[in-house]
Amino acid sequence: MAVFKSGSRTVQGLAVLTSCALLWQYTTPPASAQNTVFRVDASLDQDKTNDIGRIASARVKVTVGGQPVTGAVVVFHLDDNGVFQKDSSRQAAVETDVNGQAAAPGICPIESGDFSISVTATVNGESKPVTIGQHNQDRPLGRLNIGVLAGDHAKNYTKSQRAAEPIVQVTEADGSPVACALVRFQLPETGASGAFENGQKAFEIRTDAEGKAKAAGLHPNNQQGALVITVNAALSGVSAIREINQENVGPYAIETVAEPTEARLGRVAVAKVRVTDAEAGSPIPHATVTFALPPNAVFLDESPNAEIQTDENGQAEAPPVCPVGAGDLRIALTARVGNESATGTVE
């Protein structure tokens, strides 16, 4: 360092030193400023290639002063050729973990081409945007198969509004699971039917990484009978369809106590039934059972109908039946308990 010892040269030298010091101060950030630099690293899943029919991922890391930030809010927004698997939306907000990382929910590539994921991270009111650049690669699926894992041939109980939730699995021709296929469960508009948890007769969801999809919250209506649920699965221009067969039952079940026997002209026939809770299987005492005969039979007192109350075992036996004509003899049954009823047939 040069030192000027006399006159104006000393003053000029001090001025030069002062200017250098100020210049150093403004070009070198203080330590406190260095510790508050807010960065969002989008390189973790950058430049990835995603296969249609497979779940994709996207992550960022948020740091301040080189240290990971926990609890920062990160919003992921997908391009048009991708959706989130859980709800088919294109935007999701998550918080960073203890490592400062935020992972987007599972992503479904649904169309081929460049795939941009816009990300905005916010720390202490300050937000920074970054972009994760990926590419969706088309993959020939051949054909789709729909397998029913749960709910086929199930009984739904109208009394308790309990139904079997259908679960399906979508696979390729070789049996490997297909993720991200859009599955639509459709209930009948009339007759024995019900509603899903969304209150609608249709429920849509995308298959998970194992190719599985579940129609949540199915409740039967009060109509008894066969219930057919139509299932469609589609992805990348390939689709499949199948049916799930269920039955709305209840609130009570009527069954014959003994196997029906042949009724002959000139001899009386016997009809005996049991009424039970359709779901629990327990007998229903004091239910009123109406036996209604067809035209080719009458009861011994020549009436076409008879009302009998069930005993403590839930059983009721009709009066003697007199066949008066040949052919099938179908006895229509109605069991009433309060305001509820169930129907059946004895042949």
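For clarity, every value in this text was computed on a predicted model and none was experimentally measured. (Residues numbered from 1 in each chain as written. Predicted model: local features only at pLDDT ≥ 70, side-chain atom pairs only at ≥ 80, totals over all residues. Heavy atoms only, no water.)

Colleague: Explain the overall build of the protein chain here, please?
Modeller: Secondary structure summary: the protein chain contains 2 helices and 30 strands in total. In the protein chain, which comprises 347 residues, the proportion classed as buried is 37%. In the protein chain, once contacts between residues fewer than 6 apart in sequence are set aside, the share between residues at least 24 apart is 62%. When the accessible surface of the protein chain is summed, it comes to about 18,800 Å², and 49% of that surface belongs to carbon and sulfur atoms. (Helix = DSSP H or I, 4+ residues; strand = E, 2+ residues; numbered from the N terminus. Buried < 20%, exposed > 50% of the residue type's maximum accessible area, 1.4 Å probe, protein only. Contact = heavy atoms within 4.5 Å. Areas by Shrake-Rupley, 256 points an atom, 1.4 Å probe, with all protein chains shown as cover.)

Colleague: How should the state of the cysteines be read in this particular structure?
Modeller: Between two cysteines, a covalent bond joining their sulfur atoms is known as a disulfide. Tallied over the full model, the rule gives 1 disulfide. Bridging cysteine 108 to cysteine 180, the disulfide has an S-S length of 2.3 Å. Linking cysteine 108 and cysteine 180, the disulfide has an S-S dihedral of approximately -85° and is accordingly described as left-handed. Taken together, the residues span a long stretch of sequence, with cysteine 108 in strand β9 (residues 107-109) and cysteine 180 in the loop between β14 (167-171) and β15 (182-186) at a distance of 72 residues. Each member of the pair, cysteine 108 as well as cysteine 180, carries the same accessibility label: buried. (Disulfide = S-S within 2.5 Å.)

Colleague: Sorry if this is basic, but what is going on with the environment of alanine 306 here?
Modeller: Tracing the backbone through its elements, the reader meets alanine 306 in strand β26 (residues 305-309). Exposure remark for alanine 306: the relative accessible area of 12% places this residue in the buried category. Measuring from C-alpha to C-alpha, the distance between alanine 306 and leucine 293 comes to 8.8 Å, with 13 residues separating the pair along the chain.

Colleague: Could you clarify how one ought to interpret the sheet that holds strand β21 (residues 238-249) in this entry?
Modeller: Pairing between sheet strands relies on hydrogen bonds along the backbone, with the strands arranged either parallel or antiparallel. Spatial ordering of the open sheet is given by β13-β21-β20-β15-β17, a layout of 5 strands whose pairing is mixed. Unpaired on one side and paired on the other, β13 (154-157) and β17 (202-206) mark the two borders of the sheet. Neighbouring strand axes in the sheet, compared pairwise and without regard to direction, differ in orientation by 25° on average. Note that strand β20 (residues 225-235) and β21 share 11 bridges and pair antiparallel. (Pairing = 2+ DSSP bridges. Axes fitted to C-alpha atoms, helices over the stretch in contact; angles between N-to-C directions.)

Colleague: Where do I start with the layout of surface pockets in this structure?
Modeller: Empty space among the atoms becomes apparent when a probe as large as a water molecule is rolled across them. Approximately 220 Å³ is the volume found for the second largest pocket. The set of elements that each furnish at least two residues to the lining of the second largest pocket consists of β21, β22 (252-256) and β30 (340-346). In the lining of the second largest pocket, the residues fall into 5 nonpolar, 7 polar and 3 charged. (1 Å grid on protein atoms, 1.4 Å probe; cavity = no way out; pocket = protein on both sides within 12 Å on 5 of 7 lines; lining within 4 Å. Points joined across faces, edges and corners; volume = space filled by probe spheres on them. Nonpolar A, V, L, I, M, F, W, Y, C, P; charged D, E, K, R; others polar.)

Colleague: Just checking my understanding: could you explain unusual backbone geometry for this structure?
Modeller: Negative phi characterises most residues that are not glycine, and trans characterises most peptide bonds. Geometrically, the link from glycine 250 to proline 251 is a cis peptide bond, its omega value of 5° lying close to zero. With respect to the helices and strands, proline 251 occurs in the loop between β21 and β22. Here the phi dihedral of aspartate 47 falls at roughly 60°; this positive angle occurs in a residue that is not glycine. Turning to its location among the elements, aspartate 47 is positioned in the loop between β1 (38-41) and β2 (49-51). The phi angle at glutamine 161 is positive, at roughly 60°, despite the residue not being glycine. Mapped onto the elements of the fold, glutamine 161 is located in the loop between β13 and β14.

Colleague: Explain the environment of alanine 233 here, please?
Modeller: For alanine 233, the position within the fold is in strand β20. When its relative accessible area of 2% is taken as the criterion, alanine 233 is described as buried. The spatial distance from the C-alpha of alanine 233 to the C-alpha of valine 170 is 7.4 Å, given a sequence separation of 63 residues. Dropping the residues within four chain positions of it, alanine 233 is found in contact with Leu144, Ile146, Val170, Leu182, Val183, Val238, Ser239 and Ala240.

Colleague: What's the story with the sheet that holds β30 in this structure? I'm lost.
Modeller: Here 4 strands make up an open sheet; going across it, the order is β26-β24-β29-β30 and the pairing antiparallel. With one partner strand each, in any of the chains shown, β26 and β30 form the two edges of the open sheet. Mean inter-strand twist for the sheet, computed between neighbouring axes without regard to direction, equals 20°.

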